[in-house]
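# Notes for the structure review
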Amino acid sequence: MSVLNQKTIKDVITIHGVGLHTGKIAHMKLKPAEPNTGVIFKRTDLKENNFVIPGVYNVSNAVFCTTVSNDYGVSISTIEHLMGALYGMGIDNILIEIDNEELPILDGSAKNFVNEINKVGIKTSEIPIKIIKIEKKITLEDGVKSISIEPSKISLDIDFEIKYENSLIGTQRNIIKVYETDLTDIYDSRTFCLYEDVAKLKKMNLAKGGTLNNAVVVKDNKILNKEGLRNEKEFVNHKILDCMGDLYLSGYKIIGKLICSQGGHRLTNQLLRKVFEDNKNFSILEVKEKKIPYTLIKKRYLKSIA
């Protein structure tokens, strides 16, 4: 059985916790799904029209988190950390049942999602995966923010930069190859904010569930969390995690090179929409052993024998 075939989880995973912005407790179950199912959310607190697909054109809000909705206005928010974990771990098919509108924030990273998936294991099917290959360079700018994606022969590279006036955060940049890099630091990196922004978020009716247990808070040149940072580039690494999660709304693995400066959920979604505006910008390929880039073969093989 090919290690490049579609994957799901081997058993049900149960997770519960508070939503970062709503402050509501949500109970969630991740369930195995058949090949070609994709990623599907189901609102179990609703009896009708309760399936939501995390797709590029289903993003209904991208302010401080990614929210997807169906045609009936049913939404699921703060999906980016789980989506980033699924993308990095190669989970193609999964059903996510949840009894609320927002996913649990847990510790503010993807660490717990990754750990739970590793506990139950990953099941490989006999159906090949598909990839999106970027064929033309696409660029977007929004003031000082910019993002672009261009062709790459062998991998998905993410080159991400953040710039903050805060002296502790400052300018950070990291470059990863999603199918080659050890993503542990990316998964472990928590959401963060400036202390002076907390009150602003509260006034916007957001961050109701935010605490130092699920977010890194920076005040002047000090981190308020007693344990400090988990890795040297935790701030930019969390932005990369978000970016991975938002890219997975394409529905497939991507072969391309993404460069982003000071971007976020909205800009990434706008980029994907621009890519899909023209079929000449991309191609969708069903992966065969002889077609797939060596880096993808290498990573999947090493994971299978680990």
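Structure: above.
Residues numbered from 1 in each chain as written. Predicted model: local features only at pLDDT ≥ 70, side-chain atom pairs only at ≥ 80, totals over all residues. Heavy atoms only, no water.

Tracing the sequence through the fold places aspartate 92 in the loop between helix H1 (80-89) and strand E9 (94-98). Despite being buried, aspartate 92 has no salt bridge partner; lysine 7 is the closest side chain of opposite charge, sitting 4.9 Å away. Within the structure, aspartate 92 has its side chain in polar contact with the backbone nitrogen of lysine 7 (distance 2.7 Å). For aspartate 92, the residues in contact, after removing those within four places along its chain, are Asn5, Gln6, Lys7, Gly38, Val39, Ile129 and Tyr248. (Helix = DSSP H or I, 4+ residues; strand = E, 2+ residues; numbered from the N terminus. Buried < 20%, exposed > 50% of the residue type's maximum accessible area, 1.4 Å probe, protein only. Lys, Arg positive; Asp, Glu negative; His and termini not counted. Salt bridge = Lys/Arg side-chain N within 4 Å of Asp/Glu carboxyl O. Polar contact = N/O pair within 3.5 Å; in protein donor to acceptor, adjacent residues only side chain to side chain. Contact = heavy atoms within 4.5 Å.)

Next up on the list: the pattern of salt bridges. Under the definition given, this model contains 13 salt bridges. Residue lysine 137 is joined to glutamate 150 by a salt bridge in which the shortest nitrogen-to-oxygen separation is 3.8 Å. Residue lysine 137 is located in the loop between strand E11 (130-134) and strand E12 (138-142), and its partner glutamate 150 is located in strand E13 (residues 145-150); the two are separated by 13 residues in the primary sequence. Judged by relative accessible area, lysine 137 falls into the exposed class, the value being 53%. We note a salt bridge from aspartate 197 to lysine 200, for which the minimum N-O separation is 3.5 Å. Within this pair, aspartate 197 and its partner lysine 200 are both found in helix H4 (residues 195-203), separated by 3 residues, close to a single helical turn. Among the charged side chains, a salt-bridge network with shared partners connects Arg190, Glu227 and Glu234.

A separate point is the packing of aromatic side chains. Applying the stated criterion across every chain yields a total of 4 aromatic pairs. Note on tyrosine 87 and tyrosine 248: the rings are 4.9 Å apart at their centroids and 10° apart in plane angle, and the pair reads as stacked. Residue tyrosine 87 is located in helix H1, and its partner tyrosine 248 is located in the loop between helix H5 (234-247) and strand E19 (253-261); the two are separated by 161 residues in the primary sequence. Like tyrosine 87, the residue tyrosine 248 is buried in the burial classification. (Phe/Tyr/Trp six-rings, centres within 6.5 Å; stacked < 30°, edge-to-face > 60°.)

Glancing now at the sheet that holds strand E3 (residues 25-32). With mixed pairing, the 5 strands of this open sheet are ordered in space as E2-E3-E9-E4-E5. Edge positions in the sheet fall to strand E2 (13-18) and strand E5 (51-52), since each has one partner strand and no second. Inspection of the sheet shows strand E4 (residues 39-43) paired to E9 by 5 bridges, in the parallel sense. Following the sheet pairing, isoleucine 40 is matched in E9 by leucine 95. Sitting on the sheet, H1 is in contact with E3, E4 and E9, with an inclination near 150° to E4. Helix H2 (residues 111-120) contacts E2 and E3 of the sheet and is inclined by roughly 165° relative to E2. (Pairing = 2+ DSSP bridges. Axes fitted to C-alpha atoms, helices over the stretch in contact; angles between N-to-C directions.)

Let us look at unusual backbone geometry. With a phi close to 70°, asparagine 36 is a non-glycine residue in the positive phi region. By secondary structure assignment, the location of asparagine 36 is in the loop between E3 and E4. On the accessibility criterion, asparagine 36 (57% relative accessible area) is exposed.

The next thing to look at is the pairing of E13. When a strand is regular, its side chains alternate between the sheet's two faces. Note: E12 against E13, 5 bridges, orientation antiparallel. Directly across from leucine 140, in E13, lies its bridge partner isoleucine 147.

A general feature of soluble globular proteins is that nonpolar side chains tend to end up buried together. By size, the foremost hydrophobic cluster in this structure holds 76 residues, and its most contacted members are Phe41, Leu86 and Ile158. It is H5 that contributes the most residues to this core, 7 residues altogether. In this view, leucine 86 contacts Val39, Ile91, Ile94, Ile96, Ile117 and Tyr248; residues no more than four positions away in its chain are not counted. (Core = buried A, V, L, I, M, F, W, Y, C linked by side-chain atoms within 4.5 Å.)

Let us now look at H5. The end-to-end C-alpha distance of H5, which contains 14 residues, comes to 20 Å, matching closely the 20 Å that a straight helix rising 1.5 Å per residue would cover. For H5, the buried fraction is high: 13 of the 14 residues fall into the buried class. (Expected span 1.5 Å × (residues − 1).)

We now examine the sheet that holds strand E16 (residues 192-194). Backbone-to-backbone hydrogen bonds pair the strands of a sheet. The strands run either parallel or antiparallel. Pairing within the open sheet is mixed, and its 3 strands lie in the order E16-E17-E18. The sheet is open, and its two borders are formed by E16 and strand E18 (222-223), each paired with just one other strand. Sheet topology note: the strand E17 (residues 216-219)/E18 ladder contains 2 bridges and is antiparallel. Bridged to lysine 219 within E18 is lysine 222.

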